[in-house]
Amino acid sequence: MVTSFWQPVTAFCENHNSEHEYTSIKRIYEFFLALATCNTIVPLVVDTPDPDVKLLDYQGESPDEQALAYAAAAYGFMLIERTSGHIVIDIHGERLKFNVLGLHEFDSDRKRMSVILGYPDNSVKLFVKGADTTMFSIIDKSYNMDLIKSTETHLHSYSSLGLRTLVIGMRELNTSEFEQWHTSYEAASTAVFGRAAMLRKISNHVENNVCILGASAIEDKLQHGVPEAIESLRTAGIKVWVLTGDKQETAVSIGFSSKLLTRSMTQIIISSNNKASSRKSLKDALERSRKLDAVSMQIALIIDGGSLVHILDTDHEEELFQLASLCSVVLCCRVAPLQKAGIVSLVKKRTSDMTLAIGDGANDVSMIQMADVGVGISGQEGRQAVMSSDFAMGQFRFLVPLLLVHGHWNYQRLGYMILYNFYRNAVLVLVLFSITVLHIKNSTERRNLGYFSCGTGNPIDDCWRCDPNWQQNRKRLADCGIGFGRNAIGGRDGKFYVVTDPRDDDPVNPRPGTLRHAVIQDRPLWIVFKRDMVIQLKQELIMNSFKTINGRGANVHIANGVCITIQYVTNVIIHGLHIHDCVPTGNAMASPSHIARLVMQFLIVYSALPTIIVGILDKDLGRSTLLRHPQLYSAGQRNEAYNKKLFMLTMADTLWQSMVIFWPPLFAYWKSTIDVASIGDLWTLAVVILVNLHLAMDVVRWYWVTHAVIWGSIAATFIVVMIIDAIPKLPGFWAFFHVANTGLFWALLLGIIVAALLPRLVVKFIYQYYFPSDIQISKGLPINITFLSILLS
Ligand SMILES: Nc1ncnc2c1ncn2[C@@H]1O[C@H](COP(=O)(O)OP(=O)(O)OP(=O)(O)O)[C@@H](O)[C@H]1O
Ligand SMILES: [Mg+2]
């Protein structure tokens, strides 16, 4: 809330022109009239419970204007009504209607506004109000200089108290001046193109030779908690720069009251009005600040908008930046909106630092948009700043929790989650990659099978077919297998069965000599064919274990009918058959790629949920600790949560964990008859358990939902693996139950988990115990005790 107190400076227009001679009383009258009229305030009549009492509410974008209008009302110049064409002022009980002939709105370049009023007596007057610098440049130079000097002294003393000052001036327009202005104003107002520029030109033309009526000073009260907030931000290692449109003295005074400036700081002021002197001041300031910096003096740089224009215009950005970098505080005053954005862009261009701009007015919009993070304060200055910001808040002090608490949490979570997700995905991918590499190696490697090698290009064929007597030695094929099926012996240990009959008339009671009859036998059989034949199956050919169907030597087609089903059986070799043009029966088998996809989905689902929950909820430190020790924020500035070293360490750990997951089960089951589906179950479980335990090790704050998702994911994986292995149609049917019955499976699982996590646990412990970071010291625990207690309980 802007509370106002104002003090008109009575000014006497020592005009030599007798036409414009005013008495001091009349000037005071004009001063208040200017306060009541030269604004964009809209008065609203508000009803009260008492029907006879009405209240006036002044609505306007600028709180300063509201304050001035209220002040004028308090002194008997009450703005009652405003329409586009006129304005009604109640002057000590007498209502006067003035025609509003023109209004030149405030803009940040002119830093003033004006209104042209037609009096009831047909005289026309121009009222101007604006910043002292721009007002003094348009006053009638024939004034009494003492008057100007005394106004300046007053303005200086007001602004040194931190008050926002405005100067009010007036000029009576004679008929020809008015006509001239009116014609161009009308033309500009209705122009389609370049309207703003035309209006600005007209306003610059008419706003001159004004006589000073007075000056006002308004207290722009600091919001609650601003000094403390600025102190916290600075302790957090954030460089605070203030960019304001205010006068230098006001800005410095507010700087002190907001604890941005302290008495122990040395102020370096650059305030010049031409190129050469700005450059010289900059140079001197740079030299001086280097000397001061050498003796570790805190420096505050105060620079005004005029000097900034010259400095930024003349390629002295680098010097300005160097100077600013040496200063602990930079205060830029009388800066225009675009200059604010220019300064933000200067910092952005020259450093890799993040910039945050916070402001409440329309004049802060460009800087808010330029900064990496824009924050708008929704206050009395309209909603433009809020509309263009990334974050909106009601009070400046909320910036502290936004940065120190939420900023810190988000940084920690994000840094950790990037590393963790790299790890989580890489562990899975590395295990799958190893499986694929092994698979390719197995299917291409000859494993010394082809000692008869006759270069068929196919390692299996090389192995048996190059033997000129292969017909007598057919069963050698059983030892020629490669890949995961290499251990299948088929019907090697059984007798030969010769298929003589291609028919499949009676699938229920197949006759001897048919393929169906051969494959349903219980004993091991090596099935061969007497001659070329096409077998058209009436129903699925459901095979029994320990069978080899060896079509070599004959041209055997299984075609145009139903196909072969191999289900719940082991040790089947089918070789040299042409199987084609099958009619699907709906009993499709799951393919390995289908299973791989399934596994991927499980992993994504099982490990994604904990990641999301921890990524949203985990907090390394509590809110009050973070607010009490703003220094903790600088962990982000030092890239503590995500940096190259951590990334490399995580990747090394990932490699280790993936190797620990992949190799031990492979070695343990190498010689056994355990198939790949069972090892696959072990790998799946190990990956899911590991990635979840890994996460659990780093969780600091446990909520029930964190417990639910982490332990729930592990449990869910077990359950789904069991469900999948209980579906007879899928390969690997019953695999899990088969292996889970053995102690080796559980020993492997436990071994993998311990061995995979141990290096990480040890490194973590050493780091936290011997080289603790600020955050770990604040936590007060050398290691994540919560996790250990969960593990041990
Ligand atoms: N409605 C107005 N009428 C006349 N002069 C104004 C008006 N609003 C602001 N001014 C003058 O123009 C100057 C610049 O205004 P601007 O809005 O750019 O910055 P500010 O409000 O002073 O500071 P900040 O950047 O902190 O918002 C003000 O200091 C004031 O002297
Ligand atoms: Mg402002």
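How each quantity is defined
Residues numbered from 1 in each chain as written. Chains lettered and ligands numbered in written order. Predicted model: local features only at pLDDT ≥ 70, side-chain atom pairs only at ≥ 80, totals over all residues. Heavy atoms only, no water. Salt bridge = Lys/Arg side-chain N within 4 Å of Asp/Glu carboxyl O. Helix = DSSP H or I, 4+ residues; strand = E, 2+ residues; numbered from the N terminus. Phe/Tyr/Trp six-rings, centres within 6.5 Å; stacked < 30°, edge-to-face > 60°. Buried < 20%, exposed > 50% of the residue type's maximum accessible area, 1.4 Å probe, protein only. Lys NZ or Arg CZ within 6 Å of the ring centre and 35° of its normal. UniProt positions renumbered as here; feature names shortened; annotations may be inferred. Contact = heavy atoms within 4.5 Å. Polar contact = N/O pair within 3.5 Å; in protein donor to acceptor, adjacent residues only side chain to side chain. Near = heavy atom within 4 Å. Areas by Shrake-Rupley, 256 points an atom, 1.4 Å probe, with all protein chains shown as cover. Nonpolar A, V, L, I, M, F, W, Y, C, P; charged D, E, K, R; others polar. Patch = residues over 30% accessible without salt bridge, like charges linked within 9 Å, V, L, I, M, F, W, Y side chains within 5 Å. Pairing = 2+ DSSP bridges. Axes fitted to C-alpha atoms, helices over the stretch in contact; angles between N-to-C directions. Arc of directions from axis to C-beta. Parallel < 35°, antiparallel > 145°, perpendicular 65-115°, else oblique.

The next thing to look at is the pattern of salt bridges. Enumeration according to the criterion identifies 30 salt bridges in this entry. Between aspartate 64 and arginine 164 there is a salt bridge, with its nearest N and O atoms 2.9 Å apart. Of this pair, aspartate 64 sits in helix 2 (residues 63-74) while arginine 164 sits in strand 8 (residues 163-173), and the two are 100 residues apart along the sequence. Among the ionic contacts, a cluster of salt bridges with common partners joins Asp107, Arg110, Arg112, Arg200 and Glu207.

Once that is clear, we can look at the packing of aromatic side chains. Throughout the structure, instances matching the rule amount to 23 aromatic pairs. Considering the side-chain rings of tyrosine 29 and phenylalanine 77, the 5.4 Å spacing of their centres and the 75° angle between planes classify their relative orientation as edge-to-face. Of this pair, tyrosine 29 sits in helix 1 (residues 24-37) while phenylalanine 77 sits in strand 3 (residues 77-82), and the two are 48 residues apart along the sequence. Given the relative accessible area of 29%, tyrosine 29 is considered partly exposed. By relative accessible area, phenylalanine 77 is classed as buried at 4%. Clustering of aromatic rings is evident, with ring pairs tying together Tyr29, Phe31, Phe32, Tyr75 and Phe77. Between arginine 263 and the ring centre of phenylalanine 256, over which it is positioned, the NZ or CZ distance is 4.0 Å.

Taking the UniProt record as the reference, the feature "binding site: ATP" (unreviewed entry) is found at Glu65, Phe106, Lys129, Arg164, Thr244, Gly245, Asp246, Arg334, Lys340, Asn363 and Asp364. Separation in sequence by 300 residues is matched in space for these annotated residues, since their most distant C-alpha atoms are 23.2 Å apart. As for its position among the elements, lysine 129 is in strand 7 (residues 124-130). Its relative accessible area of 7% is what places lysine 129 among the buried residues. Not counting the four nearest positions on each side in its chain, lysine 129 is found in contact with Cys38, Asn39, Glu65, Leu68, Arg112, Met113, Met135, Leu166, Val167 and Ile168. A distance of 2.8 Å separates a polar atom in the side chain of lysine 129 from a polar atom in the side chain of glutamate 65. Within the secondary structure layout, asparagine 363 lies in the loop between strand 14 (356-359) and helix 13 (365-370). With a relative accessible area of 26%, asparagine 363 lands in the partly exposed category.

Before going further, it helps to examine the site of ligand 1. In the vicinity of ligand 1 there are 16 residues, among which Glu65, Gly245, Asp246, Lys340 and Asn363 approach most closely. Interatomic distance of 2.9 Å between a backbone N/O atom of glycine 245 and an oxygen atom of ligand 1. At 2.6 Å from an oxygen atom of ligand 1 is found a side-chain nitrogen or oxygen belonging to lysine 340. Burial of ligand 1 by the protein amounts to 88% of the accessible area it has alone, namely 600 Å². Ranked by residue count, the leading element in the shell around ligand 1 is strand 8, at three residues. Considered class by class, the residues forming the shell around ligand 1 number four nonpolar, five polar and seven charged.

All right, on to helix 8 (residues 248-257) then. Counting buried positions along helix 8 gives seven out of 10 residues, so the element sits mostly inside the fold. Within the sequence span of helix 8, burial applies to Gln248, Thr250, Ala251, Val252, Ser253, Ile254 and Gly255. Looking at the buried residues of helix 8, the elements they touch are helix 4 (145-160), strand 8, strand 11 (266-270), strand 12 (299-304) and strand 13 (329-333). In the segment just after helix 8, lysine 259 is the residue with positive phi, at about 65°.

Summarizing the sequence annotation, UniProt attributes the feature "transmembrane region" (unreviewed entry) to residues 422-440, 598-617, 646-670, 676-695, 702-724 and 744-763 in the numbering used throughout. Overall, residues 702-724 shows 91% helix and 0% strand. The separation of its end C-alpha atoms is 32 Å. Helix and strand shares over residues 744-763 are 100% and 0% respectively, and the end C-alpha atoms of the span are 29 Å apart.

With that settled, consider a nonpolar patch on the surface. Together, Leu649, Leu750, Val754, Leu758, Val762, Val763, Phe765, Ile766, Tyr767, Tyr769, Tyr770 and Phe771 make up an exposed nonpolar region whose accessible area comes to about 1,100 Å². Sorting elements by how many residues they give to the nonpolar patch places helix 25 (residues 743-770) first, with 10 residues. Residue placement: tyrosine 767 occurs in helix 25. Given the relative accessible area of 35%, tyrosine 767 is considered partly exposed.

Here we have three strands laid out as an open sheet, ordered 14-15-16, and parallel in their pairing. Edge strands, defined here as strands with exactly one partner in the open sheet, are strand 14 and strand 16 (391-393). When the angles between neighbouring strand axes are averaged without regard to direction, this sheet yields 20°. For strand 14 and strand 15 (residues 373-377), the ladder comprises four bridges, and the chain directions are parallel. Bridge pairing in strand 15 links leucine 356 to valine 373.

This brings us to helix 11 (residues 317-326). Looking only at helix 11, the buried set comprises Glu317, Leu320, Phe321, Leu323 and Ala324. The buried residues of helix 11 occupy an angular sector of 165° when projected down its axis, which confines them to one face.

Quick look at the sheet that holds strand 6 (residues 112-118) now. A sheet is described by the order of its strands in space; here seven strands give the open sequence 3-4-5-6-7-8-9, paired in antiparallel fashion. At either end of the open sheet lies a strand with only one pairing partner, and these are strand 3 and strand 9 (211-219). Here the strands of the sheet are splayed against their neighbours by 30° on average, with no regard to which way each runs. Relative to strand 9, strand 8 runs antiparallel, the two sharing eight bridges. Bridge assignment links arginine 164 to a residue of strand 9, and that residue is isoleucine 218. Packed on one face of the sheet, helix 2 meets strand 3, strand 6, strand 7, strand 8 and strand 9 and runs near 110° to strand 9. Of the strands in this sheet, strand 5 (94-107), strand 6, strand 7 and strand 8 are in contact with helix 6 (residues 195-206), which crosses strand 5 at around 120°.

On to the packing of helix 9 (residues 275-294) against helix 10 (residues 305-313). Packing of helix 9 against helix 10 leaves a shortest axis separation of 9 Å and a crossing angle of 90°. Taken together, the axis directions place helix 9 and helix 10 in an arrangement best described as roughly perpendicular. Residue-level contacts link Lys275, Ser278 and Leu282 of helix 9 to Ser307, His310 and Ile311 of helix 10.

Moving on: the environment of lysine 538. Within the secondary structure layout, lysine 538 lies in the loop between strand 19 (533-535) and strand 20 (541-542). What makes lysine 538 exposed here is its relative accessible area of 52%. Considering only alpha carbons, one finds lysine 538 and asparagine 425, 113 residues apart in sequence, at a separation of 47 Å. Those residues in contact with lysine 538 that lie beyond four places of it in its chain are Asp504, Asp505, Pro507, Arg516 and Val562.

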